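An overview of the molecular structure
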Amino acid sequence: MPRRPRVVSDVPALRRAVATLRRDGRIALVPTMGALHDGHISLVRLARRRAKRVVVSIFVNPTQFAPNEDFSSYPRNLSKDLARLAEAGVDLVWAPDVKVMYPDGFATRITPEGPAKVGLEDSFRPHFFGGVATVVAKLLTQCTPDVAVFGEKDYQQLKVIARLATDLDLPVKIVGAPIVREANGLAMSSRNAYLSEAQRGVAATLCRVLKDCAHRIANKAHVARVLDEGSAEIESVGFTLDYLEARHVDSLAKVETLKDGPIRLLVAGRLGTTRLIDNVAV
Ligand code: PAF
């Protein structure tokens with residue numbers, strides 16, 4: 001059985017462990033909230049190609065959840081996660097408690113703008129990117145990686161984090177990793193654990209419709225019409241749709257025609273009580 005990675009849970013121990021790893025070469029960080037699935041493992045694989053040593057953080061970050069969201073029920077399974085990370089060849093796991101990350105008296109919050117204020121996730125989860133930016137800034141300064149890998153499934157999040165690293169002059173390269181999908185196309189997510197078997201089948205509609213819309217737009221169909229028809233199809237299977245949008249891949253500005261691209265299609269909706277997001281390139 002592969003050796004379990006070392007787990008550290010306070011900042012001085014993390015700093016010592018990172019200093020030791022750095023003697024071997026470049027360090028990559030893969031920030032996660034645990035409940036690891038094949039999508040996370042693909043981030044680790046990419047991290048291993050980009051650096052000599054890989055650190056994974058596991059921290060369910062309370063500041064990115066609104067009071068009515070699923071912070072307390074978010075899936076947690078540290079011992080299963082560690083077994084998966086051992087198999088994936090991870091060197092170090094940073095798993096702080098909430099009190100270590102946000103000690104008494106903690107009073108600083110980053111308020112990202114730009115890609116964090118484009119009317120996608122921010123319209124439906126207004127607290128979200130402030131919490132993500134704050135914790136990611138902390139994770140990057142705590143672990144001081146050369147490279148940090150984030151999944152493209154949270155596409156707007158990836159753009160917010162890239163902007164944050166640039167704006168704060170953090171000496172780290174932010175790398176996006178392609179979405180990993182189930183056999184039926186459903187984008188892998190820790191929140192898929194909330195779905196029943198029947199809902200998993202329905203949830204795959206998101207990906208199917210996105211791919212169909214992308215194909216039609218690439219073939220010069222009218223963007224707004226394609227999105228209207230795609231939205232209707234997603235709602236017809238039982239989703240409450242938050243948005244289905246065509247945006248510029250970098251600025252996330254709205255696009256009306258193929259010429260305004262390159263285009264990324266992004267979708268978010270709720271199936272029962274589970275909120276899912278997905279996106280594809282056109
Ligand atoms: O994408 C996630 O899992 C989280 O938002 C992140 C980046 C680890 C910050 O808590």
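This text goes with the structure placed above it.
The following paragraphs examine the structure supplied in this document. (Residues numbered from 1 in each chain as written. Predicted model: local features only at pLDDT ≥ 70, side-chain atom pairs only at ≥ 80, totals over all residues. Heavy atoms only, no water.)

Here we look at the packing of helix α9 (residues 205-218) against helix α10 (residues 223-236)
Remark: α9 packs on α10, axes separated minimally by 10 Å, with the N-to-C direction vectors making an angle of 165 degrees. In terms of orientation, α9 lies roughly antiparallel with respect to α10. Read as a crossing pair, α9 and α10 show a hand that is right-handed. Counted together, T205, L206, R208, V209, C213, R216 and I217 of α9 and V223, V226, E229, G230, E233 and I234 of α10 form the full contact between these two elements. Tallied by class, residues from the contact of α9 with α10 come to seven nonpolar, two polar and four charged. (Axes fitted to C-alpha atoms, helices over the stretch in contact; angles between N-to-C directions. Helix = DSSP H or I, 4+ residues; strand = E, 2+ residues; numbered from the N terminus. Parallel < 35°, antiparallel > 145°, perpendicular 65-115°, else oblique. Left-handed = near helix turned anticlockwise from the far one by under 90°. Contact = heavy atoms within 4.5 Å. Nonpolar A, V, L, I, M, F, W, Y, C, P; charged D, E, K, R; others polar.)

Considerations on empty space enclosed by the protein
Summed over all chains, the structure comprises one cavity of 30 Å³ or more. Residue lining of the largest cavity: K153, G185, L186, A187, S189, N192, A203, L206, C207, L276, I277 and D278, and that is the complete set. A per-element tally of the lining of the largest cavity places strand β9 (residues 274-281) first, with three residues. Tallied by class, the residues present in the lining of the largest cavity amount to seven nonpolar, three polar and two charged. (1 Å grid on protein atoms, 1.4 Å probe; cavity = no way out; pocket = protein on both sides within 12 Å on 5 of 7 lines; lining within 4 Å. Points joined across faces, edges and corners; volume = space filled by probe spheres on them.)

Some thoughts on the pattern of salt bridges
What the rule picks out here adds up to 20 salt bridges. In this structure, the salt-bridge partner of R247 is E245, at a minimum N-O distance of 3.1 Å. One continuous salt-bridge network, built from bridges that share partners, spans E121, D242, R270 and R275. (Salt bridge = Lys/Arg side-chain N within 4 Å of Asp/Glu carboxyl O.)

What about the sheet that holds strand β5 (residues 147-151)?
Taking strand neighbours across the sheet as the criterion, the six strands line up as β1-β4-β3-β2-β5-β6 in an open arrangement whose pairing is parallel. Single-partner strands in this sheet number two, and they are β1 (6-8) and β6 (173-177). Between one strand axis and the next, the sheet turns through 25 degrees on average, direction left out of account. Examined bridge by bridge, β1 and strand β4 (residues 92-94) share three bridges and lie parallel to one another. The residue of β4 that forms the bridge with V7 is V93. Running over the sheet, helix α1 (residues 11-22) touches β1, β2 (27-32), β3 (53-58) and β4 and is turned about 155 degrees from β4. Across the face of the sheet, helix α6 (residues 128-143) comes into contact with β2, β3, β4, β5 and β6 while running at roughly 150 degrees to β2. (Pairing = 2+ DSSP bridges.)

Some thoughts on the pairing of β3
Among the six residues of β3, five are classified as buried, and the element is accordingly described as predominantly covered. Crossover connection from β2 via helix α2 (residues 38-50) to parallel β3: handedness right-handed. Relative to β4, β3 is paired through three bridges, and the arrangement is parallel. Looking at the pairing, V56 lines up with V93 of β4. In this view, the connection linking β3 to its parallel neighbour β4 by way of helix α3 (residues 78-87) has right-handed handedness. (Buried < 20%, exposed > 50% of the residue type's maximum accessible area, 1.4 Å probe, protein only. Right-handed = clockwise from strand over helix to strand, strands pointing away.)

Examining the site of the ligand
Taken together, the residues surrounding the ligand are P31, T32, M33, N61, Q64, V132, V135, F150 and Q157. Measuring from an oxygen atom of the ligand, one finds a side-chain N or O atom of Q64 at 2.7 Å. Protein contact buries 88% of the 290 Å² of open area that the ligand shows by itself. Every element with two or more residues in the shell around the ligand is listed here: β2 and α6. Taken together, the residues that form the shell around the ligand break down as five nonpolar, four polar and no charged. (Near = heavy atom within 4 Å. Polar contact = N/O pair within 3.5 Å; in protein donor to acceptor, adjacent residues only side chain to side chain. Areas by Shrake-Rupley, 256 points an atom, 1.4 Å probe, with all protein chains shown as cover.)

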